[in-house]
Amino acid sequence: MAAWSNWSGSVRATPREVARPRTEAELAQIIARAEKVRVAGAGHSFMPLVATEGTLLSLSELEGGVEFSADKSRVWAPAGWSLAKLTAALWAEGVSLINQGDVNPQALAGAIATGTHGTGAELGSISTFARAFRLMLADGSIATCSEQENVDIFQAARLSLGLIGVATRIEIDVLPAYYLEEKVESHPIDAVEERWDELVANNRHAEFWVFPYADMAIVKTLNPAPGEGALNRQNDMDDRAFRVICDLCAALPFLTPSLQKMIVGPNVRQRRVGPAYQIFASDRTVKFEEMEYEMPRSAGWPALREAMAWIKKRNLPVTFPFEFRTIAQDDIWLSPMHAGPCLSISAHQYAKMPWRPFFEGIEPIFRTAGGRPHWAKRHTLTAADVDALYPNASRFKAVRAAQDPGAKFANAHLASLFVEGT
Ligand SMILES: Cc1cc2nc3c(=O)[nH]c(=O)nc-3n(C[C@H](O)[C@H](O)[C@H](O)COP(=O)(O)OP(=O)(O)OC[C@H]3O[C@@H](n4cnc5c(N)ncnc54)[C@H](O)[C@@H]3O)c2cc1C
């Protein structure tokens, strides 16, 4: 038995066995003999997606490398590689991912299994880039699926929470390598609201962070630009001072509102240019817990304002900012971005401080706004909610039941949502 914990420390498990197969043959043997199996990527999910008392797999050491299509518009990549390893290897071959989120330790398969996304009105989640999967099924056999082959398995695998099979390789769309210019600026939140549509329309990527007790927001835009040599700073923001403030707030929570007003001054103006994969990803070294809902674009601002007011009314010590992003709609069965361009609001709390009362208080605001949660982040959906929110939930469940009738790949949390009769 080995102890396992997710990145934030909020999910702990003691799997009977932790296995790091090097070949598909070894993986097939492990899956065939195991009663219960979960695969861990980098453990960056806040929900107990990976937790198991059975066999916990890591595919980070599975053999294989990248293989490009003839025109280099697609690449087959090892599912267990981290986005950091993958994007560096792709850059060396002259290509980039279409979009990325804030960090890059996640495994490619882990990011795709949960619909991980960045920001950009016309850009879908990383799951939308997936063109084909090589999956090991519950009996140890291999299935390849794509828009042409095993189509139902493919549709379910595009955002599967690891319930359909173990992905060993994934084919994804890529773009010729590009550089990005990043601008990080502080602006009054009211001015950001006034200019939001323009910011979204005029930038490939636009997002902002706002602390519940502050009047200033930090706006970040990214746009393709000519390269300017090596990066002068590795991170979008320096979080050393922020860590000190979070620790102070944890010790003396009543200081939170006043300390928070000092974090973002009016004159932040930063700019850097670098390879897209280095600009997208930053280190997030101050640990937090997170809830995120994706909702119709028009519902975003009212929901954000209401959530901020809810916190202020209770004087709740919430030390982290909200993050506000856009995502293109998609047609993936379990995607929160299914059939509607989305606005995403992430709520964070310092990992050392209570987060449940805060998340429980604002979740109804996001639900009323028509929101669906990010599967990897804190939510309290029930099986009935899943059926009500996802028009294709029954199709997903039918593929899951057909491919894994014994629910070998389900843990307690996922069984309660997706395995009929649980
Ligand atoms: C600091 C931080 C920043 C983040 N930033 C963003 C962001 O900007 N945007 C965003 O959308 N999300 C973000 N997230 C959430 C994160 O992207 C997701 O939780 C993602 O799933 C984590 O990937 P992972 O490799 O750690 O997967 P894990 O959490 O380890 O696993 C996630 C799921 O993938 C499954 N899985 C993993 N490997 C396989 C495989 N080979 N085959 C089948 N299933 C598999 C697991 O079983 C599990 O169900 C962030 C999280 C953190 C902690």
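Residues numbered from 1 in each chain as written. Predicted model: local features only at pLDDT ≥ 70, side-chain atom pairs only at ≥ 80, totals over all residues.

This next bit is on the sheet that holds strand β4 (residues 37–40). Note on sheets: strands pair through backbone hydrogen bonds, and any given pair is parallel or antiparallel. On the basis of which strands lie adjacent, the open sheet formed by 3 strands has the order β3-β5-β4 and parallel pairing. Edge positions in the sheet fall to β3 (17–19) and β4, since each of these pairs with one other strand and no more. Taking each pair of neighbouring strands and ignoring which way they run, the sheet shows an average axis angle of 25°. Judged from the 3 bridges that link them, β3 and strand β5 (residues 55–58) form a sheet pairing that is parallel. Across the sheet, A19 pairs through a bridge with L57, a residue of β5. (Pairing = 2+ DSSP bridges. Helix = DSSP H or I, 4+ residues; strand = E, 2+ residues; numbered from the N terminus. Axes fitted to C-alpha atoms, helices over the stretch in contact; angles between N-to-C directions.)

With that settled, consider the sheet that holds strand β7 (residues 74–78). Ordered in space as β6-β7-β11-β9-β10, the 5 strands form an open sheet in which the pairing is antiparallel. Two strands lie at the open edges of the sheet, namely β6 (67–68) and β10 (142–146), each paired on one side alone.

Glancing now at the packing of helix α9 (residues 300–314) against helix α10 (residues 356–368). At their nearest, the axes of α9 and α10 sit 10 Å apart, and the two run at 160° to each other. Classified by the interaxial angle, the pair formed by α9 and α10 is roughly antiparallel. Helix-helix and strand crossings are classified by hand; for α9 and α10 the assignment is right-handed. When α9 is examined against α10, the residues A303, E306, A307 and W310 are found in contact with a partner set consisting of G361, I362, I365 and F366. (Parallel < 35°, antiparallel > 145°, perpendicular 65-115°, else oblique. Left-handed = near helix turned anticlockwise from the far one by under 90°. Contact = placed C-beta atoms within 7 Å.)

The next subject is the pairing of strand β18 (residues 322–327). For a regular strand, the rule is simple: side chains alternate between the two faces of the sheet. Burial runs high along β18: 6 of the 6 residues are buried. Residues of β18 alternate between two faces, with F322, F324 and T326 on one and E323, R325 and I327 on the opposite face, all of them buried. Alignment of strand β14 (residues 205–210) against β18, held across 3 bridges, turns out to be antiparallel. Bridging from a neighbouring strand, F208 pairs with F324 of β18. Summarising the sheet, β18 and strand β19 (residues 342–350) pair through 5 bridges and their orientation is antiparallel. Within β19, the residue paired with E323 across the bridge is S346. (Buried ≥ 20, exposed ≤ 12 C-beta atoms within 10 Å, placed from the backbone.)

In this structure, S160 sits in the loop between α4 (151–157) and β11 (166–173). S160 sits in the buried class, given 29 other C-beta atoms within 10 Å. Expressed as a C-alpha distance, the spacing of S160 and F359, which sit 199 residues apart in the sequence, is 25 Å.

Moving on to the site of the ligand. As a structural note, the neighbourhood of the ligand is formed by 33 residues, with G41, G101, G110, G162 and A376 the closest of them. The residue inventory of the shell around the ligand, partitioned by class, reads 17 nonpolar, 13 polar and 3 charged. Looking at the shell around the ligand, you find at least three residues from each of domain 1 (4–58) and domain 2 (67–176). (Near = placed C-beta within 6 Å. Nonpolar A, V, L, I, M, F, W, Y, C, P; charged D, E, K, R; others polar. Domains from an automatic or database assignment.)

Bringing helix α12 (residues 393–403) into the picture now. Helical geometry note: an α-helix holds 3.6 residues per turn, so side chains three or four residues apart project in the same direction. Listed in full, the buried residues belonging to α12 are F396, K397, V399, R400 and Q403. Taken down its axis, α12 places every buried residue within 160° of arc, on the same side. Each element contacted by the buried residues of α12 is listed here: α4 and α13 (412–418). (Arc of directions from axis to C-beta.)

So, on to helix α5 (residues 189–202). Here α5 contains 14 residues, and its C-alpha end-to-end distance of 18 Å stays within 8% of the 20 Å for a straight helix at 1.5 Å per residue. The largest bend in α5 amounts to roughly 60° and is located at R195. (Expected span 1.5 Å × (residues − 1). Bend = angle between axes of the 7 residues up to and from the residue.)

For the rest of this paragraph, the subject is the environment of K72. When you line up the elements, K72 lands in the loop between β6 and β7. Along the sequence, K72 and A299 sit 227 residues apart, while their C-alpha atoms lie 39 Å from each other.

One can read the domain layout of the chain as domain 1 (4–58), domain 2 (67–176) and domain 3 (179–373). Spacing between the C-alpha centres of domain 1 and domain 3 amounts to 31 Å. Opposite the 4 residues of domain 1 that make contact, domain 3 presents 5 residues. When the residues that make up the side of domain 1 that touches domain 3 are grouped by side-chain class, the tally is 1 nonpolar, 3 polar and no charged.

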